[in-house]
Amino acid sequence: MAREAWAPALDVQDAAKKKAASSTRSWILLDSTGKEKILDVDKYAIMHRVQIDARDLRIIDPLLSYPSAILVRERAIVLNLEHIKAIITAEEVLLRDPYNENVIPIVEELRRRLIQGEKSGQNEIEAAEEDESPFEFRSLEVVLEATCSFLDARTTELESAAYPALDELTTKISSCNLDRVRKLKSAMTRLTARVQKVQDELEQLLDDDNDMANLYLSRKMAGASSPNSNSGVPNWLPASPTICSKISRASRASAATFHGNESDVEELEMLLEAYFRQIESALNKLTTLREYIDDTEDYINFQLDNHRNQLIQLELFLSAANVVLTLYSLVAGIFGMNIPYSWNENHGYLFKWVVGIAGLVSALLFIFIVSYARCGGLIWS
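Residues numbered from 1 in each chain as written. Predicted model: local features only at pLDDT ≥ 70, side-chain atom pairs only at ≥ 80, totals over all residues. Heavy atoms only, no water.

Chemist: Quick question: what am I supposed to make of the overall build of the protein here?
Modeler: In terms of regular secondary structure, the protein is built from twelve helices and six strands. A total of 381 residues make up the protein; the buried ones form 36% of that total. When contacts within the protein are restricted to residue pairs at least 6 apart in sequence, long-range pairs at least 24 apart make up 70% of them. Of the roughly 22,400 Å² of accessible surface on the protein, 56% is carried by carbon and sulfur atoms. (Helix = DSSP H or I, 4+ residues; strand = E, 2+ residues; numbered from the N terminus. Buried < 20%, exposed > 50% of the residue type's maximum accessible area, 1.4 Å probe, protein only. Contact = heavy atoms within 4.5 Å. Areas by Shrake-Rupley, 256 points an atom, 1.4 Å probe, with all protein chains shown as cover.)

Chemist: Explain the packing of aromatic side chains to me, please; I cannot follow it from the model alone.
Modeler: Applying the stated criterion across every chain yields a total of two aromatic pairs. Judged by centre distance (5.0 Å) and plane angle (70 degrees), the ring pair of Y163 and Y292 falls under edge-to-face. With a gap of 129 residues between them, Y163 in helix α6 (residues 135–171) and Y292 in helix α11 (residues 266–335) connect regions that are remote in the sequence. Judged by relative accessible area, Y163 falls into the partly exposed class, the value being 22%. Looking at Y292, the relative accessible area reads 30%, which means it is partly exposed. Against the face of F150 rests R154, its NZ or CZ located 4.6 Å from the ring centre. In this arrangement the basic side chain of R219 is found over the ring face of Y216, its NZ or CZ atom lying 3.9 Å from the centre. (Phe/Tyr/Trp six-rings, centres within 6.5 Å; stacked < 30°, edge-to-face > 60°. Lys NZ or Arg CZ within 6 Å of the ring centre and 35° of its normal.)

Chemist: Mind showing me how you'd approach a negative patch on the surface here?
Modeler: A cluster of like negative charges, contributed by E291, D294, D295 and D298, occupies part of the molecular surface. Relative to the assigned elements, D295 resides in helix α11. (Patch = residues over 30% accessible without salt bridge, like charges linked within 9 Å, V, L, I, M, F, W, Y side chains within 5 Å. Salt bridge = Lys/Arg side-chain N within 4 Å of Asp/Glu carboxyl O. Lys, Arg positive; Asp, Glu negative; His and termini not counted. Charge placed at Lys NZ, Arg CZ, Asp CG, Glu CD.)

Chemist: So what exactly am I meant to see when it comes to the side chain of E136 here?
Modeler: Position of E136 relative to the elements: it lies in helix α6. Buried and unpaired, E136 has R138 as its nearest opposite-charge partner, separated by 7.6 Å. Within polar-contact distance, the side chain of E136 engages the side chain of S218 at 2.6 Å. Excluding residues that lie within four positions of it along the chain, E136 makes contacts with I88, T89, A90, L215, Y216, L217 and S218. (Polar contact = N/O pair within 3.5 Å; in protein donor to acceptor, adjacent residues only side chain to side chain.)

As structure tokens, this is what we get:
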């Protein structure tokens, strides 16, 4: 009896354990020094660690098809950009599915830049003072660079496949070529939507200074620890030699004032603007490809209309010839009737006249029909 009473409770515990195991996901954590650690935890542990809501964590769930999004929260930035599912804080970055072949290069690049930034910060203090960049910006830069490069590569692949297919279609219109172009057009439409979504997210950030100011996680954390003083703000490590590090020294000097002015977002604006232009370039390529496809479709429609007009002309010629032959057959039928009449005897020479006159009248009638159709614009010369 005791075993029977405990059996349902054990089943409930096993079901709870299985559910918890199924909700566990692998994350890779990298801190500001480039050290990494694999975390096999459930979503509640991640939510507690970075202090975000469940609905924010839901958008980076690989099992759910959410469009690209950049969410700015009080202590974290939640990123869902193509294959990159990441959470960035002021001190660490977490990437989902670290064993994914598309995520491994991003982890390596993050590690390389963070380690390089650590060494530069130790050996070049003066350079660090001139080129200050918070940890969250360096992490965000790697993610944006990987996303833009990924979409640009997909755009280049689509271009290399689409242009030859379109040129071949203009040369030979066949079911195989039409189906090939149809698939490429569908792929282009899907890719355009993905690129457009990333561009919209960046544009939304660029259009709102408050959203950009909220991306300064380090500044908010320093302000929370020392609200009346800027002495608690750390000196950040130098950024990697990428788009962010190519900003002019004068711009850096004005951007470095973010320690004292919380409304200054010039540094982040330059970073986002650079990748906005890059993603806009990919979108322009897709727009050009769409225009080329539309032009090809127009050309194909013109060709089909021309063939259709030629078929109509041929049908008109055949109809005119049918009318003429019907008239000629009528004459032959009349004279071929088995009716006795006097002039049918000893007048064999009339056969030539009947045949010749009937043929001449038929030919003149055919020429008249064709000339009338040409003068009326029904057929072309």
